[in-house]
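Architecture and fold: a report
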Amino acid sequence: MSNLCILLKKNNRLSNQLLNLFGARISSLSENDAILEPNVTDLVDLFLENSGEPSDLLDCLANSYEGTTEEIKLLLAIFGEFSIEKAQEAIQDSVQEVLLNSFHNVNVENCMESNPERLRPTVELIESPYWRNVLYKLSEKFPANTFLNTLIKAISDKGLTQEIQHLPATSAYAGVHLKVILDLLNKIIMADDFEVEKLLPDLVETVSLQPHSYLLTQALLKSLSKEKGGYPLRKISKELEKAVSAIHKDFIVSLRNLLNNAPVAVSGAIARLPPTPGDVVWLHKTYSTTTPPPSPIFLRDPELLNYLMTTIFVPNPKSAQLKDDLRSKYLHLIAFAASAKDTEADTVDISKVEETSKILKRLEAAIGKKSSTGSELNSVITEVLDYIHLPVASMALIFWCRYLLLETPFYEKHFKPKEPTRPHLLLEEIASRHPLQRPHIFALFADNLLIQSRSLSPEILTAIRKQLFDRMVVLVVEFGYVIPVLQYMESNAKRLIEENQLFYFVRKILEQAEAPYSSQFFEHMLNLIEQVEVNLESGLETKPITKQFLENAPEFSEGSSAQKTLERLQVMDHHLPADRDGTRASFNLFRFDVFDITLSRFLFDAFQGNTKGDQ
């Protein structure tokens, strides 16, 4: 009990009831620098209203005054007088160190309970990125602290959810956590496939903070996936499952089955993935004999479909041992998942299942031949062209092409540098017909760029990669699959430059891409052009097309990195002086931008044999 409270009690001026009610607030008048507290006037009124003596109040306020604020101001002024660089940063860092080492969790919690007004001034700290960062560090050390969580909530209310998405404190408030998750999901939904791969780790880290975070996110994804156009969200749900299942496998499986709400006849067979052959038999029986059959949505689990497709369309020892009867059941389930549709009348339209199943059987028979990857390869590719109009059949062929190109000696036996590679052309045809399968095809092309073989000479490997780059250029220029390809080139620029591949790709794009260009495309191309600027500059054919490309630049904001890069690259055309007829010199012996203009003129004329005596 403070001295003021004791005085009031001794003089019978403060009853026990009032002591319990106001004691903590009046006691704060005895604490250090109490006169500087923002609510001091209210506390003074409270003390005087309870018959406190003004003299006692003055003595208490005077004796508690230490002038800490004035000391800090004086210290800052001294730093300013001596013009010490980064004085404010040094002081901030010192205060941060004290806070991180001396933050008293229990005392702050007690203060929040007894007198939360004392902590109100600290709310202003969230306006500063520096102090927000300090709060995040404290929050990681004390995730359950009410005061810190209140500040985290205030930061969320300001729309800074990206800064706090990985803090455990965000899960303390359902509203804050939901806002963080929705912001991440909104970015993922609006992103292309390449960006999705980069954003998924953020989502995984955020929803893995607490079990209830994961539950909330999966329930939200389940609900959204039922909306029109929401089916792709099931892929995100599956990615979260895969990321977390290693730690909480039983919990993940139970939650998945609970959210699926599948019929008992189906849930048992898909409870554990991948299914056993017995599970496949049971699923086939359920979907082929039940009237009406269960929804196809339960068969569209990405992990389940991947297992079924791989088993049938990728040659392997296990698939070779499958009996024809069991193989047909696998094919029927794939066909049902791909072509059956739920109707508004709560029934299932299976009118296209049989035809789809027949096409898949013919496709499987064609690529399942022992010689399909050997002597009959060309005839097989000609035959399967009749089936790629069906998305599930074309997806099966992507599985098969991955096996053919990466797991068999295809390039060693069949590749011819001067002829297009037929599997590449098959994949290109699939990409032209099925836009949603372009990410899979691009990923396969990218994986093929990494092939290494002792039996292939460097010249053959270079020819293979040139053909792959030609296919990627088609993806960009003809099919509009632009940003993922360019981002891949940027992220692998160092390796591609070392192998002299990036220049080939950039040159092809410059030759084939036509204006007008989007700002996003142009910005990525500027980054790539920078990487191979010297090669482009020195080529008789590449310099004009580079110049033409830069002249068709879209507008960028003044001072932006793209605008600065563009301006620097546009100077490239002025390295050589003009000839007397106004044309540019076709040689590149010197970088004339670093010479005095008179000297450069002299050197140019000397090279042309036009020097004059007076020069």
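Residues numbered from 1 in each chain as written. Predicted model: local features only at pLDDT ≥ 70, side-chain atom pairs only at ≥ 80, totals over all residues. Heavy atoms only, no water.

**Quick notes on the overall build of the protein chain**
- If you tally the helices and strands in the protein chain, you get 35 helices and two strands.
- In the protein chain, which comprises 615 residues, the proportion classed as buried is 44%.
- Restricting to contacts in the protein chain with at least 6 residues of sequence separation, those with at least 24 account for 61%.
- Total accessible area computed for the protein chain in this model is approximately 33,300 Å², and 54% of it derives from carbon and sulfur atoms. (Helix = DSSP H or I, 4+ residues; strand = E, 2+ residues; numbered from the N terminus. Buried < 20%, exposed > 50% of the residue type's maximum accessible area, 1.4 Å probe, protein only. Contact = heavy atoms within 4.5 Å. Areas by Shrake-Rupley, 256 points an atom, 1.4 Å probe, with all protein chains shown as cover.)

**Looking at the nonpolar core**
- Counting residues in each nonpolar core, the largest one holds 110 residues, and the members touching the most others are F313, M472, M489, F505, V506 and F521.
- Counting 38 residues, the second-largest nonpolar core is a separate cluster that includes L138, L167, I181 and L233. (Core = buried A, V, L, I, M, F, W, Y, C linked by side-chain atoms within 4.5 Å.)

**As for empty space enclosed by the protein**
- In the structure shown here, the tally under the stated rule is one cavity of 30 Å³ or more.
- One number sums up the size of the largest cavity: a volume of about 290 Å³.
- Those elements that provide at least two residues to the lining of the largest cavity are α13 (211-225), α14 (233-245) and α15 (249-260). (1 Å grid on protein atoms, 1.4 Å probe; cavity = no way out; pocket = protein on both sides within 12 Å on 5 of 7 lines; lining within 4 Å. Points joined across faces, edges and corners; volume = space filled by probe spheres on them.)

**Examining the packing of helix α28 (residues 483-491) against helix α31 (residues 519-531)**
- Relative to each other, α28 and α31 sit at 20°, their axes nearing to 10 Å. With respect to each other, α28 and α31 are oriented roughly parallel. Note that α28 runs across α31; the crossing there is left-handed. Facing I483, L486, Q487, M489 and E490 of α28, the residues of α31 in contact are Q520, F521, H524, M525, N527 and L528.
- In terms of residue class, the contact of α28 with α31 is built from six nonpolar, four polar and one charged. (Axes fitted to C-alpha atoms, helices over the stretch in contact; angles between N-to-C directions. Parallel < 35°, antiparallel > 145°, perpendicular 65-115°, else oblique. Left-handed = near helix turned anticlockwise from the far one by under 90°. Nonpolar A, V, L, I, M, F, W, Y, C, P; charged D, E, K, R; others polar.)

**A few points about the confidence of the model for the protein chain**
- Looking at the protein chain, pLDDT values average 78 and 80% of them are 70 or higher.
- When the elements of the protein chain are averaged for pLDDT, helix α35 (residues 597-608) gives the smallest value, 42, and helix α25 (residues 422-433) the largest, 95.
- A low-confidence stretch, residues 7-15 (pLDDT under 50), is modelled with 17 contacts involving residues beyond four sequence positions or located in other chains.
- Counted against residues more than four places away or in other chains, residues 574-615, with its pLDDT under 50, gives 44 contacts. (pLDDT = per-residue confidence, 0-100.)

**Some details on the packing of helix α8 (residues 129-141) against helix α9 (residues 146-157)**
- At their nearest, the axes of α8 and α9 sit 10 Å apart, and the two run at 135° to each other. Here α8 is positioned oblique relative to α9, judged by the angle of their axes. The crossing of α8 and α9 is left-handed. Listed contacts from α9 to R132, L135, Y136, L138 and S139 of α8 are L148, L151, I152 and I155.
- Of the residues assigned to the contact of α8 with α9, the class counts are seven nonpolar, one polar and one charged.

**Quick word on the pattern of salt bridges**
- On inspection of all chains with the given rule, the structure shows nine salt bridges.
- Of the charged contacts in the structure, one is a salt bridge between K238 and D301, with a shortest N-O distance of 3.0 Å. Placement of K238 in helix α14 and of D301 in the loop between α17 (277-289) and α18 (302-313) is noted, with a sequence separation of 63 residues between them. Each member of the pair, K238 as well as D301, is classed as buried.
- Linking D325 and K329 is a salt bridge whose minimum nitrogen-to-oxygen distance equals 2.8 Å. Linking D325 with K329, this pair stays in helix α20 (residues 324-339), spanning four residues, or about one helical turn.
- Exposure remark for D325: the relative accessible area of 52% places this residue in the exposed category.
- Judged by its relative accessible area of 13%, K329 is buried. (Salt bridge = Lys/Arg side-chain N within 4 Å of Asp/Glu carboxyl O.)

**A short note on the environment of E490**
- In this structure, E490 sits in helix α28.
- The contact partners of E490, leaving out residues within four places of it in the chain, are H524, N527 and L528.

**Notes on unusual backbone geometry**
- In this model, T291 is joined to P292 through a cis peptide bond whose omega is -10°.
- Cis geometry is adopted by the peptide bond preceding P516, which originates at A515 and carries an omega value of 0°.
- You can see P516 is positioned in the loop between α30 (502-512) and α31.

**A closer look at the packing of aromatic side chains**
- Enumeration over the complete set of coordinates arrives at 12 aromatic pairs.
- With centroids separated by 5.5 Å and ring planes inclined at 90°, the aromatic side chains of F442 and Y488 adopt a geometry described as edge-to-face. Residue F442 is found in helix α26 (residues 438-449), and its partner Y488 is found in helix α28; the two are separated by 46 residues along the sequence. Neither residue differs from the other here; F442 and Y488 are each classed as buried.
- An angle of 40° between the planes, with centres 5.9 Å apart, marks the rings of Y517 and F522 as tilted. An identical accessibility class is assigned to Y517 and F522; each is buried. (Phe/Tyr/Trp six-rings, centres within 6.5 Å; stacked < 30°, edge-to-face > 60°.)

**Quick notes on the side chain of Q467**
- Secondary-structure assignment places Q467 in helix α27 (residues 458-477).
- There is a polar contact of 2.9 Å between the side chain of Q467 and the backbone oxygen of E419. (Polar contact = N/O pair within 3.5 Å; in protein donor to acceptor, adjacent residues only side chain to side chain.)

**Quick look at helix α21 (residues 353-367)**
- Helix length check: α21 (15 residues) gives 21 Å between terminal C-alpha atoms against 21 Å at 1.5 Å per residue, within 8%.
- Residues V353, T356, S357, I359, L360, L363, E364, A366 and I367 constitute the buried set of α21.
- Those residues of α21 that are buried lie in contact with α18, α20, α22 (377-384) and α23 (391-407). (Expected span 1.5 Å × (residues − 1).)

**Some details on the environment of V134**
- Residue position: V134 is located in helix α8.
- On the basis of relative accessible area, V134 is assigned to the buried category, the value being 2%.
- Between the C-alpha atoms of V134 and L99, which are 35 residues apart in sequence, the distance is 8.5 Å.
- The residues touching V134, leaving out its near neighbours within four places in the chain, are Q96, L99 and L100.

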